[in-house]
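# Close look at the chain arrangement
Residue strings, one per chain:
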Amino acid sequence: MEKILEVKELKKTFYKNKKPLTAVDGVTFDMERGECLGLVGESGCGKSTVARLITHLIFPEGGSVLLNGRETLHVRGKEERKLYRQIQMVFQTPQDSFNPRRTLGDGIMEPLRNQGVPRKQAKERMHELLEMVELDREFASRYPHEVSGGQCQRAAIARALAPTPKVIICDEATSALDVTVQAQIVELLKKLQREQGLSLLLICHDLALVQKMCDRVAVMYEGRIVERGIPDEVIRHPKEAYTQMLVDAAL
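Residues numbered from 1 in each chain as written. Predicted model: local features only at pLDDT ≥ 70, side-chain atom pairs only at ≥ 80, totals over all residues. Heavy atoms only, no water.

Regarding its fold elements, the protein presents nine helices and 10 strands. Expected size for 251 residues packed as a compact globule is a radius of gyration near 18 Å; at 18 Å, the protein falls within 12% of this value. Across the 251 residues in the protein, those meeting the buried criterion constitute 51%. Taking as baseline every contact in the protein between residues at least 6 positions apart, the subset at least 24 positions apart corresponds to 66%. Looking at the protein as shown, the accessible area adds up to about 12700 Å², and 47% of this sits on carbon and sulfur atoms. Computing the positive centroid from 37 side-chain charges and the negative centroid from 35, the protein places the two 7 Å apart. (Helix = DSSP H or I, 4+ residues; strand = E, 2+ residues; numbered from the N terminus. Rg over C-alpha atoms; globule rule 2.2 N^0.38 Å. Buried < 20%, exposed > 50% of the residue type's maximum accessible area, 1.4 Å probe, protein only. Contact = heavy atoms within 4.5 Å. Areas by Shrake-Rupley, 256 points an atom, 1.4 Å probe, with all protein chains shown as cover. Lys, Arg positive; Asp, Glu negative; His and termini not counted. Charge placed at Lys NZ, Arg CZ, Asp CG, Glu CD.)

Right, here's the structure in full:
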């Protein structure tokens, strides 16, 4: 299979009171085209930092990130923007994806307008995207505070899909939603992955969700990946004590 994303020896250190705190310590993994990879671990283990490093929200001290075989960490300007249309994020709190003073429709169109797409075409595409995430056109005129968390997350997924990315990173994208809505968003993501040929990096702490959605899973602990494999095997026959603890906590 073709590798679409390769992360190699990624390192990130933060400083608190001038003392170094290693958040990501030599993380290495890859993703194949059309694959769903789960990155799991407790809060503070470094998994969200990995997502922010991959998407250039922060920069590492070492390592590399290759997208379609091309190194991304040293790309800047127009080339960076062009490259990063191929990789988008869906965040835990969907309202964070939108300007509260602008409608959801404007928010979904923004990535397209930034690419120079004429407003009429961007509006047509926005309506297509709303349909894709199973929202009526009327949601285009609503503001983030006027819709439910699940509806806002659907709109956030539509926004992420606007630049036609190859990879979507879901950073705890369902954890702020109630159980019924979580299941609906999971089914939507699976459908979009299948129909759009997307590669998904699913960052979460929910092993049951990983088992349901992911082709492979990597377990993070204190900034490192300590175990990886097929979800059923990792969950049923964990090799590391930390993974066993996560499994026991999920029971």
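There's plenty left to go through after this.
A grouping of Lys 78, Arg 81, Lys 82 and Arg 85 is seen on the molecular surface, where their side chains present a positively charged patch. Looking at the element boundaries, Arg 81 is found in helix H2 (residues 77-83). (Patch = residues over 30% accessible without salt bridge, like charges linked within 9 Å, V, L, I, M, F, W, Y side chains within 5 Å. Salt bridge = Lys/Arg side-chain N within 4 Å of Asp/Glu carboxyl O.)

For strand S3 (residues 36-40), the buried fraction is high: five of the five residues fall into the buried class. For S3 and strand S8 (residues 199-204), the ladder comprises five bridges, and the chain directions are parallel. Paired with Cys 36 across the two strands is Leu 200, which belongs to S8. Bridge count between S3 and strand S9 (residues 216-221): four bridges; the pairing is parallel. Among the inter-strand pairings, Gly 38 is bridged to a residue of S9, identified as Val 217. (Pairing = 2+ DSSP bridges.)

With that out of the way, let us pick up the environment of Arg 76. Mapping Arg 76 onto the fold places it in the loop between strand S5 (70-71) and H2. In this structure the C-alpha to C-alpha distance between Arg 76 and Gln 211, which are 135 residues apart in sequence, comes to 37 Å. Leaving out residues up to four positions away in the same chain, Arg 76 has contacts with His 56 and Phe 59. Within the local environment of Arg 76, its side chain forms a polar contact with the backbone oxygen of Leu 73, the two atoms lying 2.9 Å apart. (Polar contact = N/O pair within 3.5 Å; in protein donor to acceptor, adjacent residues only side chain to side chain.)

Turning next to the confidence of the model for the protein. Low pLDDT means the predicted atomic positions in that stretch should not be read closely. Taken as a whole, the protein shows an average pLDDT of 91; of its residues, 99% reach a score of 70 or greater. Highest mean pLDDT in the protein belongs to strand S10 (residues 224-229) (96); lowest belongs to H2 (79). (pLDDT = per-residue confidence, 0-100.)

Okay, the pattern of salt bridges next. As enumerated under the stated definition, the model contains 17 salt bridges in all. For Glu 35, the salt bridge goes to Arg 216, with nearest N and O atoms at 2.5 Å. Of this pair, Glu 35 sits in the loop between strand S2 (19-32) and S3 while Arg 216 sits in strand S9, and the two are 181 residues apart along the sequence. Under the relative-accessibility criterion, Glu 35 is labelled buried at 6%. One network of salt bridges, in which partners are shared, links Lys 3, Asp 30, Glu 35 and Arg 216.

Once that is clear, we can look at the pairing of S2. Summarising the sheet, strand S1 (residues 3-16) and S2 pair through 11 bridges and their orientation is antiparallel. Its bridge partner being in S2, Lys 11 is matched across the sheet by Asp 25.

Time to look at the sheet that holds S9. Ordered by their spatial adjacency, six strands build an open sheet running S6-S7-S8-S3-S9-S10, and the pairing between neighbours is mixed. Of all strands in the sheet, those bounded by a partner on one side alone are strand S6 (87-90) and S10. Across the sheet, the mean angle from the axis of one strand to that of its neighbour is 20 degrees, orientation sign disregarded. Packed onto the sheet, helix H9 (residues 241-250) meets S9 and S10 and runs at close to 105 degrees relative to S9. (Axes fitted to C-alpha atoms, helices over the stretch in contact; angles between N-to-C directions.)

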